[in-house]
Amino acid sequence: MPEHLAEKILRFHSITFACSNSKLMAEYHTGRMGFRPIARREMNKNANRGVRAEVVKNGNCVLAFIAPIAPVDNTAIVMSDSDREEAERIVNHISRHGDSVMDVAFVCEDVREVFAWAVNHGAQAILNPTRFEDNYGSAVIATVTAFGHVTHTFIEKDKYLGAYLPGYLPIDYNDPINKVYDSVPIMEIDHVVGNQYAGQMENVCNLQLTNSFSYRKAFGFHQFVSEDDYNVQTEFSALKSTVMANPNNCVKMPINEPAKGKRLSQIEEYLRYNNGPGVQHIALRTPNIIKCVDEMKKRGVEFIDVPTEYYIDLRERLTNNNAPRIKEDLAKIENLGILVDYDKDGYLLQLFVKHVSNRPTSFYEIIQREGSEGFGGGNFKALFEAVEREQLKRGNLA
Ligand SMILES: O=C(O)C(=O)Cc1ccc(O)cc1
Ligand SMILES: [Fe+2]
């Protein structure tokens, strides 16, 4: 994609999960993670007979949960062909992958042009550019395939004043749980990671062949180099990763594939249980990770455990000449089990939530950036040992 067109892909808009019960998924994100319900699509007597969807928001981070309402093959249930098609797509996604990310949407300008380029360069059309309208205005929306059954939606909605998208009713209600607990500070989606089959990472990032999707060719993304030694650090992890980004670097999408290690790669485990490629993790950026993790823990979110030796190592690492001064209280960082990494530009603090769904597939990361634009390469050893302990408990570390 030429630069002038790629520049029309501006930032993350939202992430949509296909799930069997959108109400409960929204409640988990509200009650446990501190999101606020903002919009929903309900069955009504004229339209939207196939799905029900809930949308939640925290800061600028918007998540949508969409679920089939009824058995799509039951002809006694009256719905339009397009409602049935939409419901069928969700049913198929859930039956193949379980409750999981189906779409990552971007705010765009000139959706029609961006879409036309993408489908002429390896992406397949799921929804042709369409203008949708309701009482709050209109938006132009188009969807294309990316990897596995994950799609990307382009959204142009500068004229739209509703809470989410046309067809969704705003919710003027906050879950009472958010009055019991303090708010959880989240700013936006920092990055979204895709897991690929072995040998496919390069293709999904860069490939120039026709009939195949790649972020460079179809979307004009470039390789985002965060740390010189990103790849060297993956020797512990049995994974390879390349970070792709849009021209303004607001959209960052690391792409992983399994690498040969002594034992089953965590990416291989993901591919087995997700039944193919898909979104591995969603990183949520916070301005205050101590507050964010503390509040989430009070609300019952479970995070991956790091051993106490990590903090002995960390205190050692922080005495290096090139180590930045960490403004947060190290005792609090240790208490909450938060991970610290740094590079020449500054530092970052991060922590990983245990899998939310019943499969050992996707998870959330909480990240605070203080200068560093990296992804936590310095934490890989401790982190992947922790991940492997969980894999071992599941019997998936042969
Ligand atoms: O690359 C990234 O964005 C990371 O955050 C690194 C990472 C890779 C695999 C994990 O199980 C956890 C973290
Ligand atoms: Fe990450």
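Rules used in this analysis
- Residues numbered from 1 in each chain as written.
- Chains lettered and ligands numbered in written order.
- Predicted model: local features only at pLDDT ≥ 70, side-chain atom pairs only at ≥ 80, totals over all residues.
- Heavy atoms only, no water.
- Helix = DSSP H or I, 4+ residues; strand = E, 2+ residues; numbered from the N terminus.
- Buried < 20%, exposed > 50% of the residue type's maximum accessible area, 1.4 Å probe, protein only.
- Lys, Arg positive; Asp, Glu negative; His and termini not counted.
- Salt bridge = Lys/Arg side-chain N within 4 Å of Asp/Glu carboxyl O.
- Polar contact = N/O pair within 3.5 Å; in protein donor to acceptor, adjacent residues only side chain to side chain.
- pLDDT = per-residue confidence, 0-100.
- Contact = heavy atoms within 4.5 Å.
- Donors = N, O, S within 2.8 Å, 3.2 Å for Na, K, Ca; no water.
- 1 Å grid on protein atoms, 1.4 Å probe; cavity = no way out; pocket = protein on both sides within 12 Å on 5 of 7 lines; lining within 4 Å.
- Points joined across faces, edges and corners; volume = space filled by probe spheres on them.
- Nonpolar A, V, L, I, M, F, W, Y, C, P; charged D, E, K, R; others polar.
- Expected span 1.5 Å × (residues − 1).
- Pairing = 2+ DSSP bridges.
- Axes fitted to C-alpha atoms, helices over the stretch in contact; angles between N-to-C directions.

S.K.: Is there a simple way to explain unusual backbone geometry in this structure?
M.R.: Glycine aside, residues mostly have negative phi, and peptide bonds are mostly found in the trans state. A positive phi angle is found at Asp-110, which is not glycine, with a value near 45 degrees. Assignment of secondary structure puts Asp-110 in the loop between strand S5 (100–108) and helix H4 (111–120). Judged by its relative accessible area of 31%, Asp-110 is partly exposed. The backbone phi angle of Asn-275 is positive, close to 65 degrees, even though this residue is not glycine. Checked against the element boundaries, Asn-275 lands in the loop between helix H8 (266–274) and strand S14 (278–285).

S.K.: Help me understand the side chain of Asp-343 in this model?
M.R.: By secondary structure assignment, the location of Asp-343 is in strand S15 (residues 339–343). Buried within the structure, Asp-343 lacks any salt-bridge partner; its nearest side chain of opposite charge belongs to Lys-344, at an N-O separation of 6.0 Å. Reaching out from Asp-343, the side chain makes a polar contact with the side chain of Ser-372 at a distance of 2.9 Å.

S.K.: I'm lost on the confidence of the model for the chain in this one. Help?
M.R.: For the chain, per-residue confidence averages 92 on the pLDDT scale, and residues scoring 70 or more make up 96% of the total. In this model, residues 228–234 is a region of pLDDT below 50 whose contacts with residues beyond four sequence positions or in other chains number 9 contacts.

S.K.: Whenever I open this one, the coordination of the iron ion (ligand 2) confuses me. Can you help?
M.R.: Between any two of four tetrahedral donors, the ideal angle at the metal is 109.5 degrees; between two of six octahedral donors, it is 90 or 180 degrees. Protein-derived ligands of the iron ion (ligand 2) are His-191 (NE2), His-281 (NE2) and Glu-365 (OE), with the metal-ligand distances lying across 2.0 to 2.2 Å. We note that the donor set of the iron ion (ligand 2) lies within a single chain, spaced as H-x89-H-x83-E. You can see His-281 sitting in strand S14 and its partner Glu-365 sitting in strand S17 (residues 363–370), a full 84 residues away along the chain. Across this residue pair, the class does not change: His-281 and Glu-365 are buried.

S.K.: Please clarify how empty space enclosed by the protein should be interpreted in this entry.
M.R.: In this approach the atoms are scanned with a rolling probe the size of a water molecule, which exposes any empty space left behind. Overall, the coordinates contain 1 cavity of 30 Å³ or more when judged by the stated rule. What the largest cavity holds in volume is close to 40 Å³. Forming the walls of the largest cavity are His-93, His-97, Ser-100, Val-101, His-149, Val-150, Tyr-270, Asn-274, Pro-277, Gly-278 and Val-279. For the lining of the largest cavity, a count of residues per class yields 5 nonpolar, 6 polar and no charged.

S.K.: Even after reading the chapter, I still don't get the layout of surface pockets, so can you show me in this structure?
M.R.: When its volume is computed, the largest pocket comes out at roughly 1000 Å³. Around the largest pocket, the lining comprises 36 residues; the ones closest to its centre are Arg-41, Glu-86, Leu-127, Phe-132 and Tyr-168. Contributions of two or more residues to the lining of the largest pocket are made by strand S1 (9–18), strand S2 (36–41), strand S4 (61–68), helix H3 (81–97), S5, strand S6 (125–134), strand S7 (137–145) and strand S8 (151–156). Within this model, the second largest pocket holds a volume of roughly 550 Å³. Contributing to the lining of the second largest pocket are 26 residues, with Arg-11, Phe-12, His-13, Asn-60 and Val-107 lying nearest its centre. Among the elements that line the lining of the second largest pocket, the one with the most residues is S1, at 4 residues.

S.K.: Hey, could you run me through helix H12 (residues 380–393) in this one?
M.R.: Each full turn of the α-helix corresponds to 3.6 residues, which orients residues three or four apart in the same direction. Counted at 1.5 Å a residue, the expected span for H12 with its 14 residues is 20 Å, and the 20 Å between its end C-alpha atoms agrees. Listed as buried for H12 are Phe-380, Ala-382, Leu-383, Phe-384, Ala-386, Val-387, Glu-390 and Gln-391. Buried residues along H12 sit in contact with strand S12 (239–245), H8, helix H10 (309–317), S15 and strand S16 (346–352). Of the residues flanking the end of H12, it is Gly-395, one or two places downstream, whose phi is positive at about 75 degrees.

S.K.: How should the sheet that holds strand S10 (residues 188–195) be read in this particular structure?
M.R.: As a general point, the strands of a sheet are linked pairwise by backbone hydrogen bonds and lie either parallel or antiparallel. If you trace the 8 strands from one edge of the open sheet to the other, you get S11-S12-S13-S10-S14-S17-S16-S15, paired in mixed fashion. Each having just a single partner strand, strand S11 (222–223) and S15 make up the two edges of the open sheet. Bridge analysis of S15 against S16 gives 5 bridges, and the strand direction is antiparallel. The residue bridging Tyr-342 from the neighbouring strand is Tyr-347, located in S16. Against the sheet, helix H9 (residues 289–298) makes contact with S16 and S17, and its axis sits at roughly 155 degrees relative to S17, the strand it touches most.

S.K.: When you look at the environment of Lys-240 in this model, what are you seeing that I'm missing?
M.R.: With respect to the helices and strands, Lys-240 occurs in strand S12. Sequence spacing of Lys-240 and Val-104 is 136 residues, and the spatial spacing of their C-alpha atoms is 22 Å. With near-sequence residues (within four places) excluded, Lys-240 lies in contact with Met-201, Ile-255, Asn-256, Glu-257 and Ala-259.

S.K.: Please clarify how the pairing of S16 should be interpreted in this entry.
M.R.: Every other side chain in a regular strand lies on the same face of the sheet, so the side chains alternate between the two faces. The buried fraction of S16 amounts to 7 of the 7 residues, a majority that puts the element mostly inside the structure. Of the two faces of S16, the one carrying Gly-346, Leu-348, Gln-350 and Phe-352 and the one carrying Tyr-347, Leu-349 and Leu-351 are both buried. Counting the residues in the hairpin turn of S15 and S16 gives 2 residues. Sheet topology places S16 next to S17; 5 bridges connect them, and they run antiparallel. Within S17, the residue paired with Gln-350 across the bridge is Ile-367.

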